[in-house]
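# Report on the structure
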Amino acid sequence: MTTEAQTTKAIADFRAQVRWQWYEPLFWLGAIAWYFLFPTYLPLGTQILCAALFALSLDLILGYGGIVSLGHTTFFGIGAYTAGLLAKHGWGEPITCLLAGGALAAIAGWICSFVIVRVQGVALLLVTLGINLVLYEAANKAYTITGGADGLQGIEFWKLFGVFDYDIYGRVSFVYTLAVVFVLFLVARRIVHSPFGLALKGMRENWKRMPALGAALRRHGALIFVLSAAIAGLSGALLAESVQFVALDSLGVQRSVDVLTMLIVGGTGVLYGSFVGATVYMVVRDQLADLNPAYWYFWIGLILVVIVLFTRNGLVGALSDATDWLKRRRGGGTAS
Amino acid sequence: MPRPFLFPTRITPPVLPIIQGIVQVLFDGIAFGMLLFVMSVGLSITLGMMHFANLAHGVFAMLGGYVTVVLMHKAGVPFLETLPAAFVIVAIVSVPLERFVYRRMYSAKELDQVLLTVGIIYMAIAAAAYVWGPEPMAFALPDYLTRYRDIGSFSFSTYGALLLAIGTVITLVIFYGLERTRFGAMIRAAVDDRRVALGVGINVNRVFTITFAVGSGLAGLGGALGINALGLDPSFPIEYLVFFLIVVSIGGGGTVKGALAAALLLGLCDTAGKYYVPQTGAFIIYVVMLLVMLWRPNGLFGRP
């Protein structure tokens, strides 16, 4: 094969990856169907969407950038508290509160990125965790501003667009959340399929070779970290708007670990993994917590262990392995 | 951290001469540091040898605590005599876990190791809540350990003194074992270069299993010793995870000296912070940790 043909093939492959797959519209239709199928579970649906968006933000740095963070809830919490504090002090316009949450989280992410791109491995885990812990302690001690361990209470958001009031069935907040999540999903999809996204994948696969190819490793890392922090902040603000409350544990280590669990259960580096993982995690928690509130973590732990030991990349990875296997059987072993 | 984390040697008259305060902080801090060292030295060595990020190390400490409490309450065994049992039982329990689960993951990515061990933490927390209940365990030290001994104008808790004594003995044994015995030389060789160690005929897997068991046993012993200072409930492995991680990462994986220095530094910083500026909470140790990690990402004694 000549170099030219190789290049053409590479571009064709790249295009094929970017193209919308048949299951993608199906997936979003499913999300819309939730509204009609489970009218009593809309608040759960909203929480799943927020969690999925948060997991998606983690996927951007972890699944694409290869940056493992144990403290990503730092940005989720900043977004949630920003929106909550604005609403508490007299500015409850949902869209601007949302954007403010994302903007502040992005600024925090930008400040942290200087440190993040300079460490790897266990030190990176520690630094992300440490930043998170410092912020948690700060929010805990600044009782007069954040309400400390009681959470931020008495916040009220205005009507959406001045028209739609947040109803008790959570219809408005579900539709609003779904719309925001969809838009941000498109943004994330565009990012990972851009040349920048390709550079990130290269970085994840081999961070020693990428600089040799001329990639500005630290700049790429910092940029994706800021983008991810912004999306995490938006997801926090969305959750604050839908539940009209900000709990201190939105900054807690547990939430970082939870979101990591969701992402791993779903699968990293495939965008939809975060949605699958968040749905499975939240539904399992909802069901098991009813059955047996103290022990449901056992099953989550077991799922995590089984997934790490026996699958290649979470549920989405297992699914694609299964379809590949089926294809191979039907195609008589011709497919890769 | 949710639990106020005060070391219980705090019989301090309301107004203290500054010297007395310093002595108290030194004593408390070093005793606490010794406890941390005993609990986390195993993690440091296993991390250095296999590069395995075992976040579930705290599970062993928790198990040791429960062994002690159960033996004391159900069988009436005196506190001091439960300590060897905590060490042995935890060490035995850790062997199959290492052989059948961890060994498959030594060459896996760091993230997978983190997730696997987080999964194990979750399962252990739920299992402990199922067996022993979700509440903190009631635990009372024997009388002779709750007393204070006045030496001059200082008062030292006998419990703190016990921690200091056991910690010192264990430190000496570990240093002697690592530096002067044949098995210690094998461990050092395996930490330095696993492949070369294999090449000269050292059965690294066996060395590692034994090291892992001893390290886990020490964690169990530390957990048992520390019930009075740290408390004991099913969330223990998560609650103190950050302490283990700090000791290991500040010290640097694979060095006992580093783990000892980091544990003492952490104990002293935490105690001094609690004593002099209680309103800042755990701020001080987190900030110190961040600064050390930025200054030396491989730890104070770690090799790049």
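### Observations concerning the overall build of chain A
A count of helices and strands for chain A gives 15 helices and 0 strands. Dimensions along the principal axes, computed over C-alpha positions, put chain A at roughly 65 × 45 × 40 Å. When burial is assessed residue by residue, chain A has 46% of its 336 residues classed as buried.

### Remarks on the overall build of chain B
For chain B, the count of helices and strands is 14 helices and 2 strands. Every one of the 304 residues in chain B was classed for burial, and the buried ones make up 49%.

### Quick notes on the packing of helix 5 (residues 94-116) of chain A against helix 11 (residues 217-243) of chain A
All names here are of chain A. Interhelical geometry of helix 5 versus helix 11 gives an angle of 145° and a closest axis separation of 7 Å. Note that helix 5 runs across helix 11; the crossing there is right-handed. When the residues that make up the contact of helix 5 with helix 11 are grouped by side-chain class, the tally is 18 nonpolar, 7 polar and 1 charged.

### Let's talk about the interface of chain A and chain B
The partner chain B presents 32 residues to the 28 residues of chain A that form the contact. Only helix 6 (121-141), helix 12 (253-266) and helix 14 (296-310) of chain A provide two or more residues apiece to the side of chain A that touches chain B. Looking at the side of chain A that touches chain B, its residues break down into 23 nonpolar, 3 polar and 2 charged.

### Structural notes on the environment of Phe-196 of chain A
All names here are of chain A. Tracing the backbone shows Phe-196 in helix 9 (residues 195-205). For Phe-196, a count of 16 C-beta atoms within 10 Å puts it in the partly exposed group. Non-local contacts of Phe-196, meaning those with residues more than four positions away in its chain, are made with Ile-191 and His-220.

### Structural notes on the packing of helix 12 (residues 241-251) of chain B against helix 14 (residues 283-295) of chain B
Residue and element names in this part refer to chain B. Interaxial distance between helix 12 and helix 14 falls to 10 Å at its minimum, and their mutual angle equals 30°. When the interaxial angle is binned, helix 12 and helix 14 end up roughly parallel. Crossing of helix 12 over helix 14 shows left-handed handedness. In this structure, helix 12 uses Ile-246, Ser-249 and Ile-250 to contact helix 14, whose residues at the interface are Ile-285, Met-289, Val-292 and Met-293. Residue composition of the contact of helix 12 with helix 14, grouped by class: 6 nonpolar, 1 polar and no charged.

### What about helix 13 (residues 272-291) of chain A?
Residue and element names in this part refer to chain A. Taking 1.5 Å of rise per residue, the 20 residues of helix 13 would be expected to cover 28 Å, and the 29 Å separating its terminal C-alpha atoms lies within 8% of that figure. Turning to helix 13, its buried residues number three or more, namely Tyr-272, Gly-273, Ser-274, Phe-275, Val-276, Gly-277, Ala-278, Thr-279, Tyr-281 and Met-282. Along its buried surface, helix 13 packs onto helix 2 (23-37), helix 3 (42-64), helix 12 and helix 15 (314-330).

### Here we look at the environment of Ser-249 of chain B
Among the structural elements, Ser-249 of chain B can be located in helix 12. In sequence terms Ser-249 of chain B and Ile-284 of chain B are 35 residues apart; their C-alpha atoms lie 17 Å from each other. In contact with Ser-249 of chain B, not counting residues within four places along its chain, are Val-122, Ala-123 and Leu-126 of chain A together with Met-293 and Gly-299 of chain B.

### Here's the deal with unusual backbone geometry
All names here are of chain A. Of note in this structure, Gln-244 is not a glycine but carries a positive phi near 55°. With respect to the helices and strands, Gln-244 occurs in the loop between helix 11 and helix 12. For Leu-271, which is not glycine, the phi torsion reads 60° and is therefore positive. Residue class for Leu-271 comes out buried when judged on the 21 C-beta atoms lying within 10 Å of it.

### Regarding the environment of Thr-128 of chain A
Of note, Thr-128 of chain A is situated in helix 6. Setting aside residues no more than four positions away along its own chain, Thr-128 of chain A makes contact with Ser-69, Leu-70 and Gly-71 of chain A.

### Some points on the confidence of the model for chain A
On average, residues of chain A score 85 in pLDDT, and 97% of them reach the 70 mark or higher. The weakest mean pLDDT in chain A belongs to helix 1 (residues 3-18) of chain A at 78; the strongest belongs to helix 4 (residues 73-88) of chain A at 93.

### What to know about the confidence of the model for chain B
Residues and elements named next belong to chain B. With 92% of its residues at a pLDDT of 70 or more, chain B shows a mean pLDDT of 84. Within the model, pLDDT remains below 50 along residues 1-12, and this stretch shows 23 contacts once partners closer than five positions in the same chain are excluded. Here the predicted complex scores 0.84 on pTM and 0.80 on ipTM.

Conventions used here
Residues numbered from 1 in each chain as written. Chains lettered and ligands numbered in written order. Predicted model: local features only at pLDDT ≥ 70, side-chain atom pairs only at ≥ 80, totals over all residues. Helix = DSSP H or I, 4+ residues; strand = E, 2+ residues; numbered from the N terminus. Buried ≥ 20, exposed ≤ 12 C-beta atoms within 10 Å, placed from the backbone. Axes fitted to C-alpha atoms, helices over the stretch in contact; angles between N-to-C directions. Left-handed = near helix turned anticlockwise from the far one by under 90°. Nonpolar A, V, L, I, M, F, W, Y, C, P; charged D, E, K, R; others polar. Contact = placed C-beta atoms within 7 Å. Parallel < 35°, antiparallel > 145°, perpendicular 65-115°, else oblique. Expected span 1.5 Å × (residues − 1). pLDDT = per-residue confidence, 0-100.

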